[in-house]
Amino acid sequence: MEDSALPVAAAPARRAKRAAPAPTVTPAPAHLAAVRGPLLGWYDRNKRDLPWRRTKDPYAIWLSEVMLQQTQVSTVIPYWERFLTRFPTALALAAAPLDDVLAGWKGLGYYSRARNLHRAAQEVVSRFGGRLPATAEELLTLPGFGRYTAGAVASIAFGEEAPLVDGNVARVLSRLFEVEGLPGDREREATLWHLATALVKGERPGDFNQALMEHGATVCRPESPLCLLCPVRDACLAFRKGRVDELPPAKVRATPKKLTLALAVWPHAGTLLFARRADAGLFGGLWELPAAEVDEDLPAPEAATRLAAALGTEVKLEGALGTVKRQLTHRDLTLRLLRVSGPQRPTRTPAFQELRWCTPDEASALGMSTAMQRALDTALASGVLRGG
DNA sequence: AACACGTGGGA
DNA sequence: TTCCCAAGTGT
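Criteria and thresholds
- Residues numbered from 1 in each chain as written.
- Chains lettered and ligands numbered in written order.
- Predicted model: local features only at pLDDT ≥ 70, side-chain atom pairs only at ≥ 80, totals over all residues.
- Heavy atoms only, no water.
- UniProt positions renumbered as here; feature names shortened; annotations may be inferred.
- Helix = DSSP H or I, 4+ residues; strand = E, 2+ residues; numbered from the N terminus.
- Pairing = 2+ DSSP bridges.
- Axes fitted to C-alpha atoms, helices over the stretch in contact; angles between N-to-C directions.
- Contact = heavy atoms within 4.5 Å.
- Parallel < 35°, antiparallel > 145°, perpendicular 65-115°, else oblique.
- Left-handed = near helix turned anticlockwise from the far one by under 90°.
- Near = heavy atom within 4 Å.
- Polar contact = N/O pair within 3.5 Å; in protein donor to acceptor, adjacent residues only side chain to side chain.
- Nonpolar A, V, L, I, M, F, W, Y, C, P; charged D, E, K, R; others polar.
- 1 Å grid on protein atoms, 1.4 Å probe; cavity = no way out; pocket = protein on both sides within 12 Å on 5 of 7 lines; lining within 4 Å.
- Points joined across faces, edges and corners; volume = space filled by probe spheres on them.
- Phe/Tyr/Trp six-rings, centres within 6.5 Å; stacked < 30°, edge-to-face > 60°.
- Lys NZ or Arg CZ within 6 Å of the ring centre and 35° of its normal.
- Buried < 20%, exposed > 50% of the residue type's maximum accessible area, 1.4 Å probe, protein only.
- Salt bridge = Lys/Arg side-chain N within 4 Å of Asp/Glu carboxyl O.

Q: It is not clear to me how the UniProt feature "domain: HhH-GPD" (unreviewed entry) in chain A should be interpreted in this structure. Could you clarify?
A: Summarizing the sequence annotation, UniProt attributes the feature "domain: HhH-GPD" (unreviewed entry) to residues 67–218 in the numbering used throughout. Within the segment residues 67–218, helix and strand shares are 66% and 0% respectively, and the terminal C-alpha atoms sit 19 Å apart.

Q: What exactly am I supposed to notice about the sheet that holds strand E8 (residues 316–327) here?
A: Reading across from one edge, E7-E3-E9-E8 is the order of the 4 strands in this open sheet, with mixed pairing throughout. One side of each edge strand has no neighbouring strand; the edge strands of this open sheet are strand E7 (291–294) and E8. On average, each strand axis in the sheet is tilted by 25° relative to the strand beside it, whichever way the strands run. Contacting strand E3 (257–265), E7, E8 and strand E9 (331–341), helix H13 (residues 300–311) runs over the sheet at an angle of about 130° to E7.

Q: Any chance you could explain the packing of helix H2 (residues 58–67) against helix H3 (residues 73–86) here in plain terms?
A: It is the contact of H2 with H3, at a shortest axis distance of 10 Å, that shows an interaxial angle of 140°. Classified by the angle their axes make, H2 and H3 are oblique. Considering how the two elements wind past one another, H2 and H3 form a crossing that is right-handed. Where H2 approaches H3, its residues Tyr59, Ala60, Leu63, Ser64 and Met67 are matched on the opposing element by Val76, Tyr79, Trp80, Phe83 and Leu84.

Q: Explanation requested: the protein's contact with DNA strand B in the structure shown.
A: With respect to spatial proximity, 22 residues lie near DNA strand B, and among them Tyr111, Lys257, Phe283, Thr329 and Thr370 are the closest. Among the atoms of DNA strand B lying within 4 Å of the protein, the sugar-phosphate backbone contributes 61%. At a separation of 2.5 Å, a phosphate oxygen of DNA strand B approaches a polar side-chain atom of Lys257. Contacts to DNA strand B include Arg331, whose side-chain N or O atom sits 3.1 Å from a phosphate oxygen. Listing elements by their share of the surface near DNA strand B, those giving two or more residues are E8 and helix H15 (370–381). Its residues assigned to classes, the surface near DNA strand B comprises 7 nonpolar, 11 polar and 4 charged.

Q: What am I meant to see in the layout of surface pockets here?
A: It is the rolling of a water-molecule-sized probe over the atoms that shows where space remains empty. When its volume is computed, the second largest pocket comes out at roughly 310 Å³. Around the second largest pocket, the lining comprises 19 residues; the ones closest to its centre are Thr55, Ile156, Gly206, Asp207 and Gln210. Of all elements in the fold, only H2, helix H8 (147–158) and helix H11 (205–218) reach the threshold of two or more residues within the lining of the second largest pocket. The residue makeup of the lining of the second largest pocket, split by class, is 7 nonpolar, 6 polar and 6 charged.

Q: Is there a simple way to explain the packing of aromatic side chains in this structure?
A: Each aromatic ring pair is summarised here by two numbers: the centre-to-centre distance and the angle between the ring planes. Within the structure shown, the criterion is met by 6 aromatic pairs. Following the ring pairs from residue to residue traces out a cluster consisting of Tyr59, Trp62 and Phe145. If you follow Arg36 out to its NZ or CZ, it ends over the ring of Phe208, 4.8 Å from the centre. One cation-aromatic arrangement involves Arg147 over Trp193; the distance from NZ or CZ to the ring centre is 4.0 Å.

Q: Even after reading the chapter, I still don't get the pairing of strand E5 (residues 271–276), so can you show me in this structure?
A: Moving residue by residue along a regular strand, the side chains alternate between the two faces of the sheet. For E5, the buried fraction is high: 6 of the 6 residues fall into the buried class. Where strand E4 (residues 267–268) and E5 come together, 2 bridges link them in antiparallel fashion. Residue pairing in the sheet places Pro267 in a bridge with Leu272 of E5. Here E4 hands over to E5 after 2 residues, with Ala269 in that stretch at a positive phi of 50°.

Q: Explanation requested: the pattern of salt bridges in the structure shown.
A: Pairs may arise between side chains of opposite charge once their charged atoms sit close together. This structure, assessed with the given rule, holds 19 salt bridges. Of the charged contacts in the structure, one is a salt bridge between Lys258 and Glu296, with a shortest N-O distance of 3.5 Å. You can see Lys258 sitting in strand E3 and its partner Glu296 sitting in the loop between E7 and H13, a full 38 residues away along the chain.

Q: Explain the protein's contact with DNA strand C here, please?
A: Near DNA strand C, the surroundings consist of 25 residues, among which Gln70, Gly144, Thr149, Asp166 and Asn168 are the closest. Near the protein, within 4 Å, the atoms of DNA strand C are sugar or phosphate in 66% of cases. Measuring from a phosphate oxygen of DNA strand C, one finds a backbone N or O atom of Gln70 at 2.6 Å. Between DNA strand C and Gly167, the relevant distance is 3.3 Å, taken from a phosphate oxygen to a main-chain nitrogen or oxygen of the residue.

Q: Teacher, can you tell me more about empty space enclosed by the protein here?
A: Using the criterion set out here, one finds 1 cavity of 30 Å³ or more in the structure. Reported here for the largest cavity is a volume of approximately 100 Å³. Forming the boundary of the largest cavity are 14 residues, of which His215, Cys220, Cys227, Cys230 and Cys236 lie nearest the centre. For the lining of the largest cavity, the element with the most residues is helix H9 (residues 167–176), which contributes 3 residues. Here the residues of the lining of the largest cavity are counted per class, giving 11 nonpolar, 1 polar and 2 charged.

And the structure:
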């Protein structure tokens, strides 16, 4: 292909009312063909052998897509297999208690995914007779299905020519078609979806979408992309212009906010007190050592008073058991372990959905965040249950 | 339309 | 150690 046939034509300049955003890009058919075929062929030869690529079960594929949201493949694999054994069908998932579902999700993060998955399974049963609908449009009406997941399930499980754009695809298309703009930019998103829509039309849409993502994950990587191995290098505008390293621009990240929680470590007869968090927000619906948000350097006695208020009962501070720190994407989390006791053991309070006294064994079966798991491990290591 | 929402791995 | 992320969705 000659340079004169440069495979992108800028659309007629859009009359932007305010800003002057990046022009919308209309891919020429020749450019589409120069990407589509080679990428699909490359995928056939180089795709990784991932467990969800061995099934045609829409439910299993759906599950993989939800677990893969913002989560790396290697992390997901064991979760996917375990979860599928425990909840083999949408019907089984819909019938399971949410607590069990959250326990199956324990440690995976972004727990609202599990909650939405569970709700969606129930809707699949009530609205669609237990079978996942086959179009992106219908899938989009279910909880936890955004534009990406709807396109992924529709194309991979049902063969619909439905586009998808995830982080990988955004990066690949930004480079191939020299799409400008920062992540999150409206115009940029529209252009990427426009390109993805044009590209996916044709044979094997599900495989093509996966090829796009696989290529982004393994070759067209964020750092040090392997352009020498790239099957679509000749069609890549960023490569031609030496702009691979500057596309797409890195996203700006907000500095994490500090969050300090005082945790009640309340031993009694071989058990500790646990509480279930509110459904919304951080670690929603998960179990924890009863927690109260406190100022960073609130003295322990006052922190214990906060816990007493949250538990709705008198509490005696027996000592501090140390601190656990966790870095979340948007939170700088500090967990302060306070050993407490009290004249009456609470069983229900307004601050928590539910309270429960559990042995370490029973606690291990609860849906709990990794952060809280670390705090619990620290508490147990201190010997609270051995009278130490 | 920003912002909230987790985690483990790699540089 | 510290930083950056990786197959997004909901509000």
